Amino acid sequence: MDENGGNLAGDTSLERQDTPPRKREDDMKGGLCTNGYSPSATKGAEAESCLSLYMEKLSERGDSVETLKVAQGMAARQRHGKRRDTNTSQDGDVESGVLVGGLDKDMLLSSRQEFSAAVHSSSPGSGLEQQQDKKKKSKKKNVTKGNAGGNQEGSGFKDCDGTTVKKGHIDMGTIGQSPGTMCSPNMTPSDKGKNKHKPGRGKKKQVFETYMDAQDVSAGLKRQELIQGSLRINPKKYHEAFIPSPEGTRDIFIDGIVSRNRALNGDVVVVKILPRDQWKVIKPDNDVEEVSEPEVPDDPTGQRECSPDVIVEAQFESERDGQQSASDLLINRMESVNLSVAGTTSLKNSETPGSKQDKIGSLADPQTLADKFLQRTGKVVYIVEKKHSRAVTGFIKHLPEKDFAMFSPVDHRVPRVNVPLADCPQDFTTRPADFANILFICRITNWHDDSNFAEGRLAKSLGQAGEIEPETEGILTEYDVDFSDFSDEVLHCLPQSLPWTIPPEAIRRRKDLRKECIFTIDPATARDLDDALSCKPLPDGNFEVGVHIADVSYFVEEGKSLDLVASRRATSVYLVQKVIPMLPRLLCEELCSLNPMTDRLTFSVIWKLTPQGKILDEWFGRSVIRSCVKLSYDHAQSMIAAPEKLLSEAELPPFSPEHSLAEIHQAVLNLHRIARSLRSQRFEGGALRLDQLKLSFTLDKESGMPQGCYIYQYRDSNKLVEEFMLLANMATAHQIYRAFPEQALLRRHPPPQTKMVDDLLEFCDQMGLKLDFSSAGTLNRSLNETLGTDQYSTARKEVLTNMCSRPMQMAVYFCTGVLQEEPLFRHYALNVPFYTHFTSPIRRYADIIVHRLLAASLGCGSRLRLTEDDVQKQASHCNDKKMASKRIQELSSDLFFAAFVKESGPLESEAMVMGVLDRAFDVLVLRYGVQKRIYCNVSITV
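Conventions used here
- Residues numbered from 1 in each chain as written.
- Predicted model: local features only at pLDDT ≥ 70, side-chain atom pairs only at ≥ 80, totals over all residues.
- Heavy atoms only, no water.
- Helix = DSSP H or I, 4+ residues; strand = E, 2+ residues; numbered from the N terminus.
- Buried < 20%, exposed > 50% of the residue type's maximum accessible area, 1.4 Å probe, protein only.
- Areas by Shrake-Rupley, 256 points an atom, 1.4 Å probe, with all protein chains shown as cover.
- Salt bridge = Lys/Arg side-chain N within 4 Å of Asp/Glu carboxyl O.
- Pairing = 2+ DSSP bridges.
- Axes fitted to C-alpha atoms, helices over the stretch in contact; angles between N-to-C directions.
- Disulfide = S-S within 2.5 Å.
- Parallel < 35°, antiparallel > 145°, perpendicular 65-115°, else oblique.
- Left-handed = near helix turned anticlockwise from the far one by under 90°.
- Contact = heavy atoms within 4.5 Å.
- Nonpolar A, V, L, I, M, F, W, Y, C, P; charged D, E, K, R; others polar.
- Phe/Tyr/Trp six-rings, centres within 6.5 Å; stacked < 30°, edge-to-face > 60°.
- pLDDT = per-residue confidence, 0-100.
- Expected span 1.5 Å × (residues − 1).
- Arc of directions from axis to C-beta.
- Core = buried A, V, L, I, M, F, W, Y, C linked by side-chain atoms within 4.5 Å.
- Polar contact = N/O pair within 3.5 Å; in protein donor to acceptor, adjacent residues only side chain to side chain.

### Focus: the overall build of the protein chain
- When helices and strands are counted, the protein chain shows 23 helices and 33 strands.
- Classification of the 942 residues of the protein chain by burial places 60% in the buried group.
- Summed over all atoms, the accessible surface of the protein chain reaches about 37900 Å², with 50% contributed by carbon and sulfur.

Below you can see the structure in the form of structure tokens.
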């Protein structure tokens, strides 16, 4: 459904790194990072800047003194906040009709599959990376022999526990730590033993700051000395985190694990802004531009195609977290090092090895740069709400002579966790290798301020990593989805005598529409049918059009056990292979589902419309219907495509004898014509839709494994249903807001982020593309014009649409009493003043609240018991659960696509370039709608 601007690329998203489980365990064996986090997933060509390559060259030549100077220059650069990593902007989650299923779950499989994207480029695991790996291996030997005087950047060293820290890994968690946190490079095991017996050596150093107390935090927020927001951690560069800026400008940067102060992704935190000299330099002068090769995540979404009112709100967390602005992608230059084609290293005669870095440090001083070149940095001083579930999937590692095991999460944004050996399998200590590829669930219970490692308990062994069911259960647990069976107490809230029939008194209080020609249009496999349509010609040439929604609130009584469980779940979760329902299946698939030729209770909106879609009259009320047929999108599309051809009975599912095929056929055609007019008027009035590719799967009926995948086609039959669902949602929003101006539950969509829009416009200007971002309507028009008529015009539009989706913010539920200004209620993409969700109460709890508000406003329901605070709390919870549900859908799609690629082998597809980096370029793979990075095995000359 086009609530939010159509289909926007995903939020996205990458919560699991691109490392196969075996490789990941090898990394664990290689060493524990001193900050308690897993080693970075980015390796080789992904992880190394030109500066690190330069230092490797010097190391190979044995020039340790010069290398140390360069390393010192880099450390100074980091202290000034001038990092090689890209700036990340705020999440943009907007609603849309169809979404893409991207690939990021490759790391779950034993072997990584790469695309041949119409160009022959080396993958991260070949060519350049292999050469660098060979250099690293040889360097390790050289460093061991010649590094007695101290560790240089790029070499391996050991921490106080004797654990090897991987070469080339910069541990941001140790920056700013007290000297006692790391051992001297010259310390021997015997020295360490001596230290243990020295006075004062037994006390642990404090790693994290103590949190401020609640009173000081409250006062600081009122004085605007502190800032509150949701923490977003970059999934591929876990030392980077961000919170939104209250002014809507560039996000506030949280640099390093220590500054994050034990907060996890999604937590609501309070941040103190650091002094200006510690702010991050974003775009310095040309002479000192940063070397930057950002991680561009995949574009995964996993939207079900069931309901026509599926309004997907594409998340862009991953696209922001690890991706710099579009213009920055094109202007990245490598000027901090001069590498010749032959691979030799040369410096200008007038420069010492450290002078270039000294120049960078002086010219890029935040104190002298304009604000537009800086990003404010901060540190977490308080956690308001721990929204992260604290449950994670990962692997356990045996630590000899310890009474605990090390749990290493798959998600590198979560710290490593010490878990009691008693929680581990019985034979873990004697045969630890047997569990190297077994996924476990761990729940974090504590994280002290004097430790880089959290404490936790193992909750469950899931099974082999890479297999669909263990991975799926892990995803659901991490995102705190309740997938348990409904309790007897909940089930007793439903009618016990089956088959259930509508009580006569309930029918008497409702509008009886059972004789009308009413039907559903859904995917052929749909079982929870919560919306139906009707269209009756009137003698005056106009039409009576009805939208009929399952009356779920009749069964889900406020305050009962069933209501409490539904409010906690808040939404159904749609995976590729199954659904985790918000309500018991008896309710979803039987009592409330608008099955054909069965009496069902509904809430109806009925309009008198002209053939052009002009509303002449409107009626809301509770009703009872009897659907005459269950049509699929394919059936409706066949009628629309061949209006003169009447489908035979054999081509349709069973239908009621009370209505002829011709009557049903004509009703579909009339709805299509009106919907086309409504849609045209919407876009002429300034609506926006960003359609993107959506990946769907065909599954083997026996094994459940993916047999194939295809791009879902969004056709006129989908648009037909979409238009009337939008119309019903908008009409309901007006009705409940008029009746309850302080307690209405609406849905708003803020305008896109200004800074990201500016960056995108700069990029488009460089590319000779003219985009008008002045409003949703002008953007929609510019995306559909002047993109050329050649064979690649469609692909060009896909890429540009993907890029335009990134500045978009997410649409959110809210209580009208919380926001004082009506302009803030607006829905940007739809370009309407009021909007809500009314049409999917089987799978969204927000819709149940709206039904109760609507019933109370019409006098056909109980008095409203919800307070303003109740509505806002539930709105906030629904927002959280909706975002989690969407992320789970994306990960499920990733998982199945990875399984499909593994099974089928390398895939070939045309791709269009989206951005060019130092040694790689990003492409949109057109056949599958996923984004991938292509690495080039070439020598680089500056």
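There is more to say after this.
### Quick word on the pattern of salt bridges
- Here the structure, examined in full by the defined rule, presents 40 salt bridges.
- The residue Lys578 makes a salt bridge to Glu469 at a minimum N-O spacing of 3.6 Å. With Lys578 in the loop between β22 (573–574) and β23 (579–580) and Glu469 in helix α11 (residues 468–478), this residue pair connects regions lying 109 residues apart in the sequence.
- Owing to a relative accessible area of 33%, Lys578 belongs among the partly exposed residues under this scheme.

### Points about the sheet that holds strand β32 (residues 920–925)
- Pairing is antiparallel across the open sheet formed by three strands, whose spatial order is β31-β32-β33. Each having just a single partner strand, β31 (911–916) and β33 (930–935) make up the two edges of the open sheet. For this sheet the average axis-to-axis angle between neighbouring strands, irrespective of direction, equals 30°.

### A short note on the state of the cysteines
- Tallying each qualifying case throughout the model produces zero disulfides.
- Unpaired in terms of disulfides, Cys535 finds its nearest cysteine sulfur in Cys517, a separation of 9.3 Å.
- Left without a disulfide partner, Cys592 is nearest to the cysteine sulfur of Cys588, which lies 7.7 Å away.

### As for the pairing of β31
- Across five bridges, β31 lies against β32 in antiparallel orientation. If you follow Val916 over to β32, its bridge partner there is Phe921.
- Counting the residues in the hairpin turn of β31 and β32 gives three residues.

### Section: the packing of α11 against helix α23 (residues 868–904)
- Interhelical geometry of α11 versus α23 gives an angle of 165° and a closest axis separation of 10 Å. Considering the angle they form, α11 stands roughly antiparallel to α23. Crossing of α11 over α23 shows right-handed handedness. Together, Ile468, Glu471, Thr472, Ile475 and Leu476 of α11 and Ile888, Leu891, Leu895, Phe896 and Ala899 of α23 make up the contact between the two elements.
- Residues of the contact of α11 with α23, tallied by class, amount to eight nonpolar, one polar and one charged.

### Things to note about the packing of aromatic side chains
- Within this structure, the stated rule accounts for 14 aromatic pairs.
- Aromatic pair Trp500 and Phe555: ring centres 5.1 Å apart, planes at 70°, arrangement edge-to-face. Of this pair, Trp500 sits in the loop between α12 (488–491) and α13 (504–508) while Phe555 sits in the loop between β21 (543–550) and α14 (561–569), placing them 55 residues apart in sequence. Accessibility assignment for this pair places Trp500 and Phe555 in one class, buried.

### Some details on the pairing of strand β24 (residues 599–609)
- Burial of β24 is extensive: nine of the eleven residues sit out of reach of the surface.
- Bridge count for β21 against β24 is eight bridges, and the pairing is antiparallel. Among the inter-strand pairings, Gly546 is bridged to a residue of β24, identified as Ile606.
- Where β24 and strand β25 (residues 615–626) come together, eleven bridges link them in antiparallel fashion. When the bridges of β25 are listed, Val605 appears paired with Phe620.
- Where β24 folds back on β25, the antiparallel hairpin that results is connected by five residues, among which Gly613 adopts a positive phi of roughly 90°.

### Looking at the confidence of the model for the protein chain
- Averaged over all residues, the pLDDT of the protein chain is 76; the fraction at 70 or higher stands at 69%.
- Below a pLDDT of 50 lies the segment residues 4–201, which in the model reaches 575 contacts outside its immediate sequence neighbourhood of four places, other chains included.
- Across residues 284–362, confidence stays below pLDDT 50; counting only partners more than four residues off in sequence or on other chains, it has 333 contacts.

### Thoughts on the sheet that holds strand β20 (residues 531–537)
- Judged by pairing direction, the sheet is mixed, and its seven strands sit side by side in the order β18-β25-β24-β21-β20-β19-β26 without closing on themselves. Pairing within the sheet leaves two strands with one partner each, and these edge strands are β18 (511–512) and β26 (629–632).
- Here seven bridges tie β20 to β21, and the two strands are oriented antiparallel to one another. Bridge pairing links Cys535 to Val545 in β21.
- The strands touched by helix α16 (residues 633–641) are β19 (518–522) and β26; relative to β26, the strand with the most contacts, the crossing angle is about 75°.

### What to know about α11
- Counting buried positions along α11 yields ten of eleven residues, so the element is predominantly enclosed.
- Taken together, the buried positions of α11 are occupied by Ile468, Pro470, Glu471, Thr472, Glu473, Gly474, Ile475, Leu476, Thr477 and Glu478.
- Just downstream of α11, Asp480 is the residue with a positive phi angle, here 55°.

### Some remarks on unusual backbone geometry
- Between Leu498 and Pro499 the backbone carries a cis peptide bond, its omega angle lying at 0°.
- A positive phi angle, near 65°, is found at Arg390, a position not held by glycine.
- Among the secondary structure elements, Arg390 is positioned in the loop between β12 (377–385) and β13 (391–397).
- Judged by relative accessible area, which is 10%, Arg390 ranks as buried.
- Backbone geometry at Asp480 places phi at a positive 55°, although glycine is not the residue there.
- Position of Asp480 relative to the elements: it lies in the loop between α11 and α12.
- According to the relative accessible area criterion, Asp480 is partly exposed, its value standing at 48%.

### Focus: helix α19 (residues 754–766)
- Its 13 residues give α19 an end-to-end C-alpha distance of 19 Å, which sits within 8% of 18 Å, the value for a rise of 1.5 Å per residue.
- By the burial criterion, the buried members of α19 are Met756, Val757, Asp759, Leu760, Phe763 and Cys764. In an axial view of α19, the angular spread of the buried residues amounts to 160°, which keeps them on one side of the axis.
- Gly768 lies just past α19 and shows a positive phi near 75°.

### Some details on the nonpolar core
- In terms of nonpolar packing, the biggest core is built from 99 residues, with Phe519 and Phe724 touching the most fellow members.
- Among all residues touching Phe724, those that are not within four sequence positions of it are Leu533, Val545, Val547, Trp607, Leu609, Leu671, Ile674, Ala675 and Leu678.

### A look at the side chain of Asp423
- In this structure, Asp423 sits in the loop between β15 (417–420) and β16 (438–446).
- A distance of 2.5 Å separates polar atoms of two side chains, one belonging to Asp423 and the other to Arg457.
- Looking at Asp423, its side chain comes within polar contact range of the main-chain nitrogen of Leu458, at 3.2 Å.

### A closer look at the environment of Glu684
- In this structure, Glu684 sits in helix α17 (residues 661–684).
- Assessed through its relative accessible area of 62%, Glu684 is described here as exposed.
- For the pair Glu684 and Thr778, spaced 94 residues apart in sequence, the C-alpha to C-alpha distance is 9.8 Å.

### Considerations on the environment of Glu618
- Its location among the elements puts Glu618 in strand β25.
- Given a relative accessible area of 33%, Glu618 falls into the partly exposed group.
- Each C-alpha atom, one on Glu618 and one on Gly546, is 9.7 Å from the other, the two residues being 72 residues apart in sequence.
- Here Trp607 takes part through its side chain, which lies 3.1 Å from a polar atom of the side chain of Glu618.

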